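# Per-entry structural report
These are the residues of each chain, in order.
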Amino acid sequence: MPQAILTEPVRDGTAWVAADLSRPEGVLHELTPQHLGEISAFVNALGKSALSLHAGRAVWRDLARETMPELSALTHATAHRTETHIGTAVLRGLPVDDLSPEEIRGLYRALGAVMGTAVIQNAEGEYIADVRDYGKGGLDNNAVRGHQTASALRFHSDDGDLALLLCVRPAENGGASLISSAMTIYNELLTRAPELLGLYYNGFVYENRGEEEPPAYRNAVFGYYDGQLTCRYFLRDYVDSAWTRTSVPVSDLERYALDLFEALAAEPEAVTEYALRAGDLQLVNNNVVVHSRRAFADASAGGQGRLLLRQWVNLDGGRVFPTTLCRHRYGMRPRRDANS
């Protein structure tokens, strides 16, 4: 697939600034009594089915469509709108306080299956990963991934077309989400530093944090294919620590380009920030936006702590681009004994 560099600014709805999100239409969707009734029907059907989370996508999708037709239609339309509009949305009001952990995960798996195909996120073979404080410290520990720490996370992309985050319990303090348009960042780079574009298209070396071989790989930040600009900006910490695997340090120019990307993402007029509530399902389109998170803390002794559930989902009929732009778009390889 031939590579080209886009030399014109992105002018569609995926290039936005914070002021464009002042009206919530198309971004925030409150669930209705009709939707909640459908969820009850789904939970009843789920209890009779004994479905495994590792069951095929079609089984989960069909169960969702049969028992939750209105909510399935809203979920599918919202997911696909993120490709051409703001790049993020929230479905608000999933009744997580009224469901068991198994019912929450089943509902979440089913809604993801309506949107697209979930992919494996780690060597453990998980389609649903817990985003919480694992007590392992921060990302300066090479054994820690972003979803396992309470530390703040830099702006980044995830691997699937969509990152789905279901808030089961918010943090007692902190943990707010920040979203910025990668297309707006690109437009700013065209103006401020066009000489760096080739570097972003060539990409940076990331380490795999022990998930699979090879221990490090090169991944582009931007790719322009079939008339579409796509972004994948993975956690900067994985670039900074890659030298421990490769013995090749990050150059001053690479460091400057990484700093500039993150500074543009964090500019006050560019970024929007909000705190997820229990029952919020956040959609983040990794093709067109980058996201970050404030540090969080759970102060109460004996408390259960912040818990989000994460899925990576590839959209039906999604855009086409090579693995040089996203090595793990179709998932990670689980260890042979992961699901035994």
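As the structure is a computational prediction, the values presented were derived from the model and not from experiment.

### A closer look at the overall build of the protein
- Secondary structure summary: the protein contains nine helices and 17 strands in total.
- Across its three principal axes, the protein shows a C-alpha extent of roughly 60 × 40 × 40 Å.
- Long-range contacts, defined here as pairs at least 24 residues apart, represent 81% of the contacts in the protein between residues at least 6 apart.
- Accessible area of the protein: about 14,500 Å², with a carbon and sulfur share of 51%.
- On the protein, the mean spot of the 33 positive side-chain charges and the mean spot of the 43 negative ones are 3 Å from each other.

### Describing the nonpolar core
- In this structure, Y200, F204, V221, F222, C231, F261 and V290 are the most contacted members of the largest nonpolar core, which totals 56 residues.
- Excluding its chain neighbours within four sequence positions, the residues that come into contact with V290 are F155, H156, S157, L178, I179, S180, A182, I185, C231, Y233, F261 and A265.
- Formed by 36 residues, the second largest nonpolar core is a distinct cluster that contains F42, W60, L63 and L71.

### Some points on the pairing of strand β11 (residues 222–225)
- Judged from the four bridges that link them, β11 and strand β12 (residues 228–231) form a sheet pairing that is antiparallel. If you follow Y225 over to β12, its bridge partner there is Q228.

### A word on the state of the cysteines
- Tallying each qualifying case throughout the model produces zero disulfides.
- Free cysteine: C326, not disulfide-bonded; nearest cysteine sulfur from C231 at 11 Å.

### Observations regarding helix α1 (residues 33–49)
- Taking 1.5 Å as the rise per residue, α1 with 17 residues should run 24 Å; its terminal C-alpha atoms sit 25 Å apart, in good agreement.
- Within α1, the full set of buried residues consists of H35, E38, I39, F42, V43 and L46. When α1 is viewed along its axis, its buried side chains cluster within an angular range of 145° and face the same direction. In α1, the exposed positions that point more than 90 degrees away from the buried face belong to P33, N44, G47 and K48.
- Looking one or two residues past α1, A50 carries a phi angle of roughly 55°, positive in sign.

### Comments concerning the sheet that holds strand β13 (residues 271–274)
- Pairing in this open sheet of four strands is antiparallel, and the strands run β5-β15-β8-β13 from one edge to the other. In this open sheet, the two edge strands, each paired with only one partner strand, are β5 (153–156) and β13. Strand-to-strand, the axes of this sheet are offset by a mean angle of 15°, without reference to chain direction.
- Across five bridges, strand β8 (residues 177–181) lies against strand β15 (residues 289–293) in antiparallel orientation. By the bridge assignment for β15, S180 is matched with V290.
- The strands touched by helix α9 (residues 252–266) are β5, β8, β13 and β15; relative to β5, the strand with the most contacts, the crossing angle is about 90°.

### Here's the deal with the packing of helix α3 (residues 69–81) against helix α4 (residues 101–115)
- α4 packs onto α3 with a crossing angle of 55° between their chain directions and a minimal axis gap of 8 Å. One element, α3, and the other, α4, form an angle in the oblique class. For α3 against α4, the interelement crossing comes out right-handed. Judged by residue contacts, L71, S72, T75, H76, A79 and H80 of α3 engage L111, V114 and M115 from α4.

### A closer look at the pairing of β15
- When you tally the buried positions in β15, you get five out of five residues, the bulk of the element.
- By the alternation rule, side chains of β15 split into V289, H291 and R293 and V290 and S292, which are all buried.

### Digging into the packing of α1 against helix α2 (residues 57–67)
- Across the interface, α1 lies against α2 with an axial gap of 9 Å and an inter-helix angle of 135°. As judged from the angle between their axes, α1 and α2 are oblique. Of the two possible hands of crossing, α1 and α2 adopt the one that is right-handed. Of the residues in α2, those touching α1 at E38, A41, F42, A45 and L46 are W60, L63 and T67.
- Class assignment of the residues belonging to the contact of α1 with α2 gives a composition of six nonpolar, one polar and one charged.

### Focus on the environment of L94
- One can find L94 in the loop between β2 (88–92) and α4.
- In this structure L94 comes out as buried when scored by relative accessible area, which is 6%.

### Observations concerning the pattern of salt bridges
- On inspection of all chains with the given rule, the structure shows 20 salt bridges.
- With its nearest N and O atoms 3.5 Å apart, the salt bridge here joins R61 to D62.
- Residue R329 is joined to D161 by a salt bridge in which the shortest nitrogen-to-oxygen separation is 3.1 Å. Residue R329 is found in the segment after β17 (307–315), and its partner D161 is found in the loop between β5 and β6 (162–169); the two are separated by 168 residues along the sequence.

### Regarding the side chain of H29
- Looking at the element boundaries, H29 is found in strand β1 (residues 28–30).
- Ignoring sequence-local partners within four residues, the contact set of H29 consists of L74, T78, V90, L91 and R92.

Basis of the calculations
- Residues numbered from 1 in each chain as written.
- Predicted model: local features only at pLDDT ≥ 70, side-chain atom pairs only at ≥ 80, totals over all residues.
- Heavy atoms only, no water.
- Helix = DSSP H or I, 4+ residues; strand = E, 2+ residues; numbered from the N terminus.
- Contact = heavy atoms within 4.5 Å.
- Areas by Shrake-Rupley, 256 points an atom, 1.4 Å probe, with all protein chains shown as cover.
- Lys, Arg positive; Asp, Glu negative; His and termini not counted.
- Charge placed at Lys NZ, Arg CZ, Asp CG, Glu CD.
- Core = buried A, V, L, I, M, F, W, Y, C linked by side-chain atoms within 4.5 Å.
- Buried < 20%, exposed > 50% of the residue type's maximum accessible area, 1.4 Å probe, protein only.
- Pairing = 2+ DSSP bridges.
- Disulfide = S-S within 2.5 Å.
- Expected span 1.5 Å × (residues − 1).
- Arc of directions from axis to C-beta.
- Axes fitted to C-alpha atoms, helices over the stretch in contact; angles between N-to-C directions.
- Parallel < 35°, antiparallel > 145°, perpendicular 65-115°, else oblique.
- Left-handed = near helix turned anticlockwise from the far one by under 90°.
- Nonpolar A, V, L, I, M, F, W, Y, C, P; charged D, E, K, R; others polar.
- Salt bridge = Lys/Arg side-chain N within 4 Å of Asp/Glu carboxyl O.

Function-wise, these values are silent; they only describe arrangement.
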